[in-house]
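Structural characterization, general
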Amino acid sequence: MKARPIVLKLGGSVITHKDVPLSANESAIERLAEEIAEAKVPQLIIVHGGGSFGHPLAKKYSIKEGFNGKFSQLLGFSETHQAMITLNNMILKALIHCNIPALTIAPSSTIVSKSGRMVARIDDHLKNLLRLGLVPLLYGDAVLDSDKGFTILSGDQLVAAAAIQLNAERIIIGVEGDGLFKTDPKLGRGDLIRTCTLQQLKELGKQTRKTTAHDVTGGMQGKIAELVPAVEKGITVAIVNACKPQRV
Ligand code: IPE
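Residues numbered from 1 in each chain as written. Predicted model: local features only at pLDDT ≥ 70, side-chain atom pairs only at ≥ 80, totals over all residues. Heavy atoms only, no water.

Along the chain, the position of serine 146 falls in the loop between β7 (141-145) and β8 (149-153). Considered as a pair, serine 146 and glutamate 79 are 67 residues apart in the sequence and their alpha carbons are 20 Å apart. If near-sequence neighbours (up to four positions away) are discounted, serine 146 is found in contact with Val112, Ser113 and Lys114. (Helix = DSSP H or I, 4+ residues; strand = E, 2+ residues; numbered from the N terminus. Contact = heavy atoms within 4.5 Å.)

Given below as structure tokens:
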């Protein structure tokens, strides 16, 4: 491959209105598609989160916890996936509108996790798309799980797995805030951490808040836990405020 790929995550709280179920932030999606087009990255993989499309349904039906044998939960699994493909289609449409040749890879059809962890390799498929000049588009999804029946695979886990398997140059995580803070800015005053080493990142992972009310995949703490293995492989991770123009 020509260049090492860059893996970009568009956080759910950027592309949706997190407090309003099934509400997309269309202006943010359109702006981000324009910014991605302007950046002209030669090898790009985009992964988006669930925000108010994925999380409320995943929570309502306890999808992450696995199949409980009840029919109602099967419908919940379908509904969660349906919400994600609805959101995915909006993002795909915005990217194509900006002349980005994106192609969705639906995790629910291609990945079976094991106890919530992604063990499958997806690099061959991604490489085939990249080689043609396509931009693979993935998302956090409700997926089959060989131990639990099904579960939720977070976009962050997908980002790290894709980046590690493809030896990516960089991971860019677009979030709602300015990045990582020494203390949680929503709980009290916070100092933005401008750069940090692997060791500092691990320490931060222990201190950071586990979850938010709407988030089934562990909030910022879950994000850090997923990113540590990629940083261990020497992949640089940038966490940027994707709500602000031109940061991504
Ligand atoms: C969650 O993906 C997907 C579902 C709940 C179906 P993420 O965990 O990556 O989503 P965000 O970015 O936190 O919203």
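There's more to say after this.
Here we take up the side chain of glutamine 165. Structurally, glutamine 165 is set in helix α7 (residues 155-165). Aside from chain neighbours lying at most four places away, what touches glutamine 165 is Met118, Ala120, Arg121, Ile122 and Asp123.

The next point concerns a negative patch on the surface. On the surface, Glu26, Glu30, Glu34 and Glu38 cluster together into a negatively charged patch. Along the chain, the position of glutamate 30 falls in helix α2 (residues 26-39). Look at glutamate 30 and you get partly exposed, because its relative accessible area is 45%. (Patch = residues over 30% accessible without salt bridge, like charges linked within 9 Å, V, L, I, M, F, W, Y side chains within 5 Å. Areas by Shrake-Rupley, 256 points an atom, 1.4 Å probe, with all protein chains shown as cover. Salt bridge = Lys/Arg side-chain N within 4 Å of Asp/Glu carboxyl O. Lys, Arg positive; Asp, Glu negative; His and termini not counted. Charge placed at Lys NZ, Arg CZ, Asp CG, Glu CD. Buried < 20%, exposed > 50% of the residue type's maximum accessible area, 1.4 Å probe, protein only.)

On to the packing of aromatic side chains, then. In total, this model carries two aromatic pairs according to the counting rule given. The interplanar angle of 45 degrees and the centroid separation of 5.4 Å between the aromatic rings of phenylalanine 67 and phenylalanine 150 together place this pair among those described as tilted. With phenylalanine 67 in the loop between α3 (51-60) and α4 (71-97) and phenylalanine 150 in strand β8, this residue pair connects regions lying 83 residues apart in the sequence. Aromatic pair phenylalanine 77 and phenylalanine 150: ring centres 4.5 Å apart, planes at 15 degrees, arrangement stacked. Of this pair, phenylalanine 77 sits in helix α4 while phenylalanine 150 sits in strand β8, and the two are 73 residues apart along the sequence. (Phe/Tyr/Trp six-rings, centres within 6.5 Å; stacked < 30°, edge-to-face > 60°.)

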